[in-house]
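Notes for the structure review
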Amino acid sequence: MVKICCIGAGYVGGPTMAVIALKCPAIEVAVVDISKPRIDAWNSDRLPIYEPGLDEVVKECRGRNLFFSTDVEKHVAEADIIFVSVNTPTKTRGLGAGKAADLTYWESAARMIADVSKSDKIIVEKSTVPVKTAEAIEKILTHNSKGINYQILSNPEFLAEGTAIEDLFKPDRVLIGGRETPGGKKAVQALKEVYAHWVPEDRIITTNLWSAELSKLAANAFLAQRISSVNAISALCEATGANVSEVAYAVGKDSRIGPRFLNASVGFGGSCFQKDILNLVYICECNGLPEVSNYWKQVIKINDYQKSRFVNRVVSSMFNTVSGKKIAVLGFAFKKDTGDTRETPAIDVCHGLLGDKAQISIYDPQVTEDQIQRDLAMSKFDWDHPMHLQPTSPTAFKQVSVVWDAYEATKGAHGVCILTEWDEFKTLDYQKIFDNMQKPAFVFDGRNMVDPEKLREIGFIVYSIGKPLDAWLKDMPAVV
Ligand SMILES: NC(=O)c1ccc[n+]([C@@H]2O[C@H](COP(=O)([O-])OP(=O)(O)OC[C@H]3O[C@@H](n4cnc5c(N)ncnc54)[C@H](O)[C@@H]3O)[C@@H](O)[C@H]2O)c1
Ligand SMILES: O=c1ccn([C@@H]2O[C@H](COP(=O)(O)OP(=O)(O)O[C@H]3O[C@H](CO)[C@@H](O)[C@H](O)[C@H]3O)[C@@H](O)[C@H]2O)c(=O)[nH]1
């Protein structure tokens, strides 16, 4: 029986391995992690991550050919194929701080593999890593090899949160990069055979190692660039009276452009886009390509601009101050159908509002109060370290309350900010919300979720990203 072990039981390791176990009943899959609470949760009825369809997949295979364990060394030693899906945060100190990937966790996983291995292994990079990481890993392993043969493959993951199971069941492509040596080719074939259990062969792409590593960074940069492009246009729409939804629809009808990933928003979030672009920027700088690195940096600058533009709209609309005013925040996760808050634009928006002394009441159907308080207290990039190594937050923000109902959050509020596109926000009783708010009552829709005309009929002053502005908003000082 082929044995697979995955180091890292997070948003990637957990779902990807569960799907491999489901689709390949003859393969034994062990998912290991240094975090005991995480492994305990994977072994419980309340999984550590919320992802539609995940519970069913885990329930079907857990205990059959899918195991979650903290006994990292045992499972690594026994495995034929080892996926490494550990954190690759942005460095916060030293060379490349604020841009380069911190490979501490990857390196310690590689050293541990070298220490405990007694048989040949295929090592698979599942984490997103800088180009040429495989070369560094090879060096660590071969210097400690004890005659063991290691083949390193790059097999980046393209799943998106909220649709992870769907994406894993029907991936647009599976990418496998390997050495062009006989040993490398054999390893690529072995991994290809795993995916071939359910992925059509023409969707399994094989490349050299560096192309696979770079393709992951490039794909995320292209996706994020589309969002920053439409968000940049949204600012111009507000200035001119054009409507960003109409513009995006017209632009996306061009089959060379396509309709997806053109939703203007308060900004993109999530654990990947910013981190991976910063990583790309750093690699370009290191390779003497400042023009290329500046090009990609701009994608992040526009994203930051979009978030601060949103906060400025809120504050300037409400007589240039939100001091002491209750602002309801609907949605804190970085997108719908996930409880993940890593790099969510809600953090920046809340910081902006708190800076202007607002009282914030937050409702999100999947995010706990503890998580929100931790997120607001955490320094930039600290979130991307294993949970037990993150600093504990000293004190909670007293100006922030977290409630379990949108009506409670909006009661007595001056304004409502919609920051995540949860479906339930479309069908709220906005008349009831209006009746219970201070007047004038404002809605700032960061996800273009609500029909602004219907809300205006109720009496709200409405701001929707990139849509024609209310007379009220036009009269307020310019927002930059
Ligand atoms: N989240 C996504 O949607 C996504 C998608 C594609 C790629 N990625 C990439 O995949 C990697 C993992 O991302 P994630 O979202 O799963 O992160 P995560 O924080 O959810 O999970 C990483 C896990 O690795 C564990 N870990 C760290 N060092 C370890 C070690 N030495 N031994 C054992 N366990 C260790 C941590 O405890 C943690 O549980 C990152 O490189 C990320 O960029 C993420
Ligand atoms: O038109 C759009 C599409 C997305 N977003 C925002 O962009 C962010 C990222 O969304 P999405 O890409 O759907 O989720 P992620 O889970 O971050 O997935 C991205 O990052 C993963 C980690 O690398 C990759 O594997 C995926 O392919 C890539 O889509 C979220 O805040 C979305 O709200 C928009 O604002 N407008």
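The rules we used
- Position numbers for residues start from 1 in each chain and track the written sequence from start to end.
- Ligands are numbered from 1 and chains lettered from A, in the order in which they are written.
- Thresholds applied to this predicted model are a pLDDT of at least 70 for local features of residues and 80 or more for the giving and counting of side-chain atom pairs; totals over whole chains, interfaces and linings are not thresholded and use all residues.
- The way it works is that DSSP assigns letters per residue, a run of H or I at least four long becomes a helix, a run of E at least two long becomes a strand, and they are numbered from the N terminus.
- Buried, partly exposed and exposed are defined by the number of other C-beta atoms within 10 Å of a residue's own C-beta, namely 20 or more, between the two limits, and 12 or fewer respectively, with C-beta atoms placed from the backbone.
- By definition, residues are in contact whenever their C-beta atoms, placed on the basis of the backbone, come within 7 Å of each other.
- To decide nearness, the C-beta atom of each residue is placed from the backbone, and the residue is near a molecule or strand if that atom lies within 6 Å of it.
- Following the grouping adopted for this structure description, the nonpolar residues are Ala, Val, Leu, Ile, Met, Phe, Trp, Tyr, Cys and Pro, the charged ones are Asp, Glu, Lys and Arg, and the polar ones are all others, Gly among them.
- As annotated, the domain borders come from an automatic or database domain assignment.
- Here, any two strands with at least 2 DSSP bridges between them count as paired.
- The angle between two axes is taken between their N-to-C directions and runs from 0 to 180 degrees, where each axis is a line fitted to C-alpha atoms and a helix contributes only its stretch in contact.
- Clockwise travel from the first strand over the helix to the second, with the strands pointing away from the viewer, marks a crossover as right-handed.
- Any angle that is under 35 degrees is reported as roughly parallel, and any over 145 degrees as roughly antiparallel; angles of 65 to 115 degrees are reported as roughly perpendicular and all others as oblique.
- Left-handed is the label given to a crossing in which the near helix is rotated counterclockwise from the far helix by less than a right angle, and right-handed is the label when the rotation is clockwise.
- UniProt positions are given in the numbering used here, feature names are shortened, and annotations may be inferred rather than shown by experiment.

A word on the environment of C417
Tracing the backbone shows C417 in strand β12 (residues 415–418). Residue classification places C417 among the buried residues on the basis of 29 C-beta atoms within 10 Å. Here the alpha-carbon distance between C417 and V314, two residues 103 residues apart in the chain, equals 8.4 Å. Aside from chain neighbours lying at most four places away, what touches C417 is V314, I327, V329, L330, V349, F444 and G446.

Thoughts on the site of ligand 2
In the vicinity of ligand 2 lie 20 residues, with N263, S265, F268, G270 and C272 positioned nearest. Per-element accounting of the shell around ligand 2 gives the leading share, 3 residues, to helix α9 (residues 209–240). Classifying every residue of the shell around ligand 2 by side-chain character gives 11 nonpolar, 6 polar and 3 charged. Inspection of the shell around ligand 2 shows a minimum of three residues originating in each of domain 1 (3–199) and domain 2 (243–475).

Section: the sheet that holds β12
If you trace the 6 strands from one edge of the open sheet to the other, you get β11-β10-β9-β12-β13-β14, paired in parallel fashion. Looking at the sheet topology across the chains shown, the edges are occupied by β11 (400–402) and β14 (461–464). Between one strand axis and the next, the sheet turns through 15° on average, direction left out of account. Summarising the sheet, strand β9 (residues 326–330) and strand β10 (residues 359–363) pair through 5 bridges and their orientation is parallel. The partner of I327 across the bridge, within β10, is I360. The sheet contacts of helix α12 (residues 290–317) involve β12, β13 (442–445) and β14, and relative to β13 the element is tilted by about 170°.

Things to note about the pairing of strand β4 (residues 81–84)
Side-chain positions along a regular strand alternate between the two faces of the sheet. Residues I81 and F83 line one face of β4 and the alternating positions I82 and V84 line the opposite face, and both faces are buried. Relative to β4, strand β1 (residues 3–7) runs parallel, the two sharing 4 bridges. Note on β4: the bridge partner recorded for I7 is V84. When β4 meets strand β5 (residues 121–125), the two strands line up parallel, connected through 4 bridges. The partner of I82 across the bridge, within β5, is I123. In the classification by handedness, the crossover that spans β4, the intervening helix α5 (residues 104–116) and the parallel β5 is right-handed.

Points about the site of ligand 1
With respect to spatial proximity, 27 residues lie near ligand 1, and among them G8, G10, Y11, S127 and P386 are the closest. With 3 residues, the single largest contributor to the shell around ligand 1 is α5.

A few points about the packing of helix α11 (residues 273–286) against α12
Two elements in contact, α11 and α12, have axes whose closest approach is 8 Å; the angle formed by their N-to-C orientations is 165°. The orientation of α11 with respect to α12, classified from their angle, is roughly antiparallel. The two elements α11 and α12 meet at a crossing, and its hand is left-handed. Along the contact surface, α11 presents Q274, I277, L280, V281, C284 and E285, while α12 presents P290, V292, S293, W296, K297, V299 and I300.

Some words on the domain arrangement of the chain
When its domains are assigned, the chain resolves into domain 1 (3–199) and domain 2 (243–475). Centre-to-centre, using C-alpha coordinates, domain 1 lies 32 Å away from domain 2. Counting residues at the interface gives 21 residues for domain 1 and 22 residues for domain 2. Here the residues of the side of domain 1 that touches domain 2 are counted per class, giving 10 nonpolar, 7 polar and 4 charged.

Focus on the UniProt feature "active site" (unreviewed entry) in the chain
As recorded in UniProt, the sites labelled "active site" (unreviewed entry) are C272. Along the chain, the position of C272 falls in the loop between α10 (244–252) and α11. Owing to 25 C-beta atoms within 10 Å, C272 belongs among the buried residues under this scheme. Once you skip the residues sitting within four places of it in the chain, C272 turns out to touch T128 and N220.

Concerning unusual backbone geometry
The phi torsion of most residues other than glycine is negative, and most of the peptide bonds are trans. The step from K439 to P440 runs through a cis peptide bond, and the omega angle for that step is -5°. With respect to the secondary-structure elements, P440 resides in the loop between α16 (430–435) and β13. For K132, which is not glycine, the phi torsion reads 85° and is therefore positive. Its place among the elements puts K132 in the loop between β5 and α6 (133–143). Judged by the 13 C-beta atoms lying within 10 Å of it, K132 is partly exposed. One non-glycine residue, N448, lies in positive phi territory at about 45°.

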